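Below are the chains, spelled out letter by letter.
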Amino acid sequence: MAEERLQKILSKAGVASRRTAEAMILAGRVTVNGEKILTLGQKFDGITCKIAVDGRPISAPEKHIYVLLNKPKGYVSTVKDERGRPTVLDLVKDIAARIYPVGRLDRNTEGLILMTNDGALMNALLHPKYATEKKYVAKVSGDVREERLDKLRIGVSLEDGITTPAKVRVLEREAEEARVEIILREGRNRQVRRMFAAIGCDVVSLKRVEFAGLNLQGVKRGQYRLLTKEEVAYLYRLTGTRA
Ligand code: URA
């Protein structure tokens, strides 16, 4: 963890503004590892040092965690379920921080879901302005003719409005079913299922294989991995958000 000026650590921990924190330091109210700090400008590691104001330890600034989970079917993507069903949190039990899913997948949808405690990035990824791309593979039954899929490519009318154009391509066709890749830039509730229903088809199974350009490579069903620093920086760039 990088060292930072003491007044910055105090303000990031929500103790006071940077200016007030400086005054607190000069007034001899701040200790680091039990030692009173009386000058400005000294740098410390806010995670490993024991910092106190008026003898009371400050809480360490929260470290951001970014998890890419391959959610199996059967798990709800809320942090708590009033019906006691398994949640995505059950799959990341060994992560000590309080993290939240970035958006939702239906209980019966599997695949990629990000989880984080970085509220700024989470809001940006979910904000319609950034139109984050989500790629799904759906097994669809019914008459999956190209003319019908064209309706999805243009936009179909759902009860909450017309959908924006989706990218759609058939990966495999069998007599009664097809495997279809569909890329959306919206994130409405049960959107893929409702879009196919609107063209008279039924989604038999659904998997999200990509989110914001990240994929499931190397992450087995029910498992997760942490994002790399480069991936987090990429998501910040993608959404134009500042860390
Ligand atoms: N569309 C759906 O229908 N379900 C999901 O979980 C995600 C997108």
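Now for a quick tour of the structure. Since the structure is predicted, the reported quantities are computational estimates derived from the model, not experimental observations.

1. Quick notes on the overall build of the protein
Next, step 1: Of regular secondary structure, the protein possesses six helices and 17 strands.
Next, step 2: Here the C-alpha radius of gyration of the protein, 24 Å, is well above what a compact globule of 243 residues would show, namely 18 Å.
Next, step 3: Taking the contacts inside the protein whose residues are at least 6 apart along the sequence as the reference set, 62% of them involve residues at least 24 apart.
Next, step 4: When the accessible area of the protein is evaluated, it comes to approximately 13,800 Å², of which 48% is carbon and sulfur surface.
Next, step 5: Of the side chains in the protein, 45 bear a positive and 31 a negative charge, and the two mean positions are spaced by 4 Å.

2. Regarding helix α3 (residues 119-126)
Every α-helix winds through 3.6 residues per turn, so residues three or four apart in the chain are directed the same way.
Next, step 1: Of the residues making up α3, those classed as buried are L121, M122, A124 and L125. Viewed end-on, α3 has its buried residues packed into an arc of 165 degrees, placing them on one side of the element.
Next, step 2: On its buried face, α3 is in contact with β7 (66-71), β8 (100-101), β9 (109-116), β15 (202-211) and α6 (229-239).
Next, step 3: N-cap assignment for α3: the residue whose side-chain oxygen lies 3.3 Å from the backbone N of A120 is D118.

Quick notes on the rules
Residues numbered from 1 in each chain as written. Predicted model: local features only at pLDDT ≥ 70, side-chain atom pairs only at ≥ 80, totals over all residues. Heavy atoms only, no water. Helix = DSSP H or I, 4+ residues; strand = E, 2+ residues; numbered from the N terminus. Rg over C-alpha atoms; globule rule 2.2 N^0.38 Å. Contact = heavy atoms within 4.5 Å. Areas by Shrake-Rupley, 256 points an atom, 1.4 Å probe, with all protein chains shown as cover. Lys, Arg positive; Asp, Glu negative; His and termini not counted. Charge placed at Lys NZ, Arg CZ, Asp CG, Glu CD. Buried < 20%, exposed > 50% of the residue type's maximum accessible area, 1.4 Å probe, protein only. Arc of directions from axis to C-beta. Polar contact = N/O pair within 3.5 Å; in protein donor to acceptor, adjacent residues only side chain to side chain.

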